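Coordinates in review
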Amino acid sequence: MAEPGVRAARTADDRRWRLRHLPVLLLASAVLGGVAGLVGGVTGGADAALGAAAGVAVTVVSYTLTTVVLAWADAINPQLVLPFGLGLYAAKFTLLGVVMVAVASTGWDGLIPLCIGIAAGVVVWTGVHIWWLTRVHSRDSAR
């Protein structure tokens, strides 16, 4: 772990390091959204296409919101990361639960593809984030 002075010097030199990975994650998610919509459309029609693409979008919005809020909190004061992270986590999963129950009560044919899209979005976002951290960020940090 870096000394406080080292971290302060690094963040002063590069204020955007907390969000540097976001464009790569958004691009990968956009590709996944297109593929999910296409696969959903071919296998289940318009409702499945919409559901699969919307599921990926739900994940992207959720993870992007978390990334931006936690980057902001860390920039203000690193001690804010935990309370903001936990509060956001509770709020997002409560909202997701309410939305999923509401969608399920409609009998919409895109519900299962929506759930699969959410799961695929989580897997791709997490996988690309791990790749970015181990390949790109570790190389940048070594400089």
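Residues numbered from 1 in each chain as written. Predicted model: local features only at pLDDT ≥ 70, side-chain atom pairs only at ≥ 80, totals over all residues. Heavy atoms only, no water.

Focus: the overall build of the chain
When helices and strands are tallied, the chain shows five helices and zero strands. Each helix (α) and strand (β) of the chain, taken in turn from the N terminus, gives the series α-α-α-α-α. Buried positions account for 29% of the 143 residues belonging to the chain. Restricting the contact set of the chain to residue pairs at least 6 apart, pairs at least 24 apart contribute 65%. A total of about 8900 Å² of accessible surface is found on the chain, and carbon and sulfur atoms cover 73% of it. (Helix = DSSP H or I, 4+ residues; strand = E, 2+ residues; numbered from the N terminus. Buried < 20%, exposed > 50% of the residue type's maximum accessible area, 1.4 Å probe, protein only. Contact = heavy atoms within 4.5 Å. Areas by Shrake-Rupley, 256 points an atom, 1.4 Å probe, with all protein chains shown as cover.)

Side note on the packing of helix α3 (residues 46-76) against helix α4 (residues 81-104)
Between α3 and α4, the shortest axis-to-axis distance is 9 Å and the interhelical angle comes to 160°. Considering the angle they form, α3 stands roughly antiparallel to α4. The handedness of the crossing between α3 and α4 is right-handed. Across the interface between the two elements, V58, S62, L65, T66, V69, L70, W72, A73 and D74 of α3 pack against V81, F84, G85, L88, K92 and L96 of α4. Each residue belonging to the contact of α3 with α4 can be placed in one class, and the counts come to ten nonpolar, three polar and two charged. (Axes fitted to C-alpha atoms, helices over the stretch in contact; angles between N-to-C directions. Parallel < 35°, antiparallel > 145°, perpendicular 65-115°, else oblique. Left-handed = near helix turned anticlockwise from the far one by under 90°. Nonpolar A, V, L, I, M, F, W, Y, C, P; charged D, E, K, R; others polar.)

Some words on the side chain of T64
Position of T64 relative to the elements: it lies in helix α3. A relative accessible area of 19% means that T64 is categorised as buried. A polar side-chain atom of T64 sits 2.7 Å from the main-chain carbonyl oxygen of V60. If we skip the residues at most four places from it in the chain, T64 touches L22, L26 and W125. (Polar contact = N/O pair within 3.5 Å; in protein donor to acceptor, adjacent residues only side chain to side chain.)

So, the confidence of the model for the chain
Counting all residues, the mean pLDDT for the chain is 89, and 85% of those residues have values of 70 or more. When pLDDT is averaged over each element of the chain, helix α2 (residues 22-44) comes out on top at 97 and helix α1 (residues 4-13) at the bottom at 53. (pLDDT = per-residue confidence, 0-100.)

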